[in-house]
Amino acid sequence: MSRVGKKPVPVPAGVTATVTGQTVKMKGSKGELSYDVPSLVAVAMKDGAIEVQPVNQSKPARSLWGTSRAQIANIAEGVSKGFEKKLEITGVGYRAASQGKVLKLQLGYSHDVNIDVPEGIEIKTPDQTTVEISGIDKQKVGQIAAEIRRWRKPEPYKGKGIKYDGEFIFRKEGKKK
């Protein structure tokens, strides 16, 4: 039994949720999102909350049960509060600048790295070594953060690179004479 799937998803205040067939739509102060629930999972509105149940007790249905509930909870949080990821850039000469819908990164390559910001995502650079990514879709926010980080992952000897805010980088000792 899915422990996550058993809990109904409460609809936050200020958010309107509609369930039509296998589609869950939510509209809040930040925007509007929808999720198409797989056919192996049944979804229904009850008492101001959304309940998710597997159609049968097969392994694929039980696998999608908790996943579907988590996706619905993420869109509920996204349209009410939104999601944010922070990246820290460490290294001599490494810097970031946001220019409209393009994020320019200088990461020690012979060229600047230009990353186009997708629709629905907002990227801010409060200073040259911090990148703040925000949006209502948790998957898009995490994906763009991972794509930015992939350009220069933190290395274990000096800690140079792009890391998530609060991420611990295991440091190694260098060569000894």
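What counts as what
- Residues numbered from 1 in each chain as written.
- Predicted model: local features only at pLDDT ≥ 70, side-chain atom pairs only at ≥ 80, totals over all residues.
- Heavy atoms only, no water.
- Pairing = 2+ DSSP bridges.
- Helix = DSSP H or I, 4+ residues; strand = E, 2+ residues; numbered from the N terminus.
- Contact = heavy atoms within 4.5 Å.
- Axes fitted to C-alpha atoms, helices over the stretch in contact; angles between N-to-C directions.
- 1 Å grid on protein atoms, 1.4 Å probe; cavity = no way out; pocket = protein on both sides within 12 Å on 5 of 7 lines; lining within 4 Å.
- Points joined across faces, edges and corners; volume = space filled by probe spheres on them.
- Nonpolar A, V, L, I, M, F, W, Y, C, P; charged D, E, K, R; others polar.
- Core = buried A, V, L, I, M, F, W, Y, C linked by side-chain atoms within 4.5 Å.
- Buried < 20%, exposed > 50% of the residue type's maximum accessible area, 1.4 Å probe, protein only.

## Quick look at the sheet that holds strand S5 (residues 41-46)
Remark on secondary structure: sheet strands pair via backbone hydrogen bonds, oriented parallel or antiparallel. The three strands lie next to each other as S1-S6-S5, forming an open sheet whose pairing is antiparallel. Each of the sheet's edge strands pairs with one partner strand only, and the pair in question is strand S1 (9-10) and S5. Where S5 meets strand S6 (residues 49-54), six bridges bridge the pair, whose relative direction is antiparallel. By the bridge assignment, Met45 is partnered in S6 with Ile50. Set on the sheet, helix H2 (residues 59-80) makes contact with S1, S5 and S6; between it and S6 the angle comes to about 165 degrees.

## Here's the deal with the layout of surface pockets
There is about 170 Å³ of room inside the largest pocket. Around the largest pocket, the lining residues are Leu33, Ser34, Tyr35, Gln71, Asn74, Ile75, Phe83, Ile136, Asp137, Lys138 and Gln139. Sorting the residues of the lining of the largest pocket by element identifies strand S4 (32-36), H2 and helix H3 (138-150) as the ones contributing at least two each. For the lining of the largest pocket, the class distribution of residues is five nonpolar, four polar and two charged.

## Structural notes on the nonpolar core
Across soluble globular proteins, nonpolar side chains have a tendency to be buried as a group. With 20 residues, the main nonpolar core has Ile89, Leu103, Leu105, Ile123, Val131, Ile133 and Ile148 as its most contacted residues. Of all elements in the fold, only strand S7 (83-90), strand S9 (102-106), strand S10 (113-116), strand S11 (121-124), strand S12 (130-135) and H3 reach the threshold of two or more residues within this core. When residues in this core are grouped by element, the largest group, four residues, is from H3. Beyond its immediate stretch of four places on either side in the chain, Ile89 contacts Tyr94, Arg95, Ala96, Leu105, Leu107, Gln128, Thr129, Val131, Gly161 and Ile162. One finds Val15, Val37, Val52 and Ile75 within the second-largest nonpolar core, a separate group that totals 18 residues.

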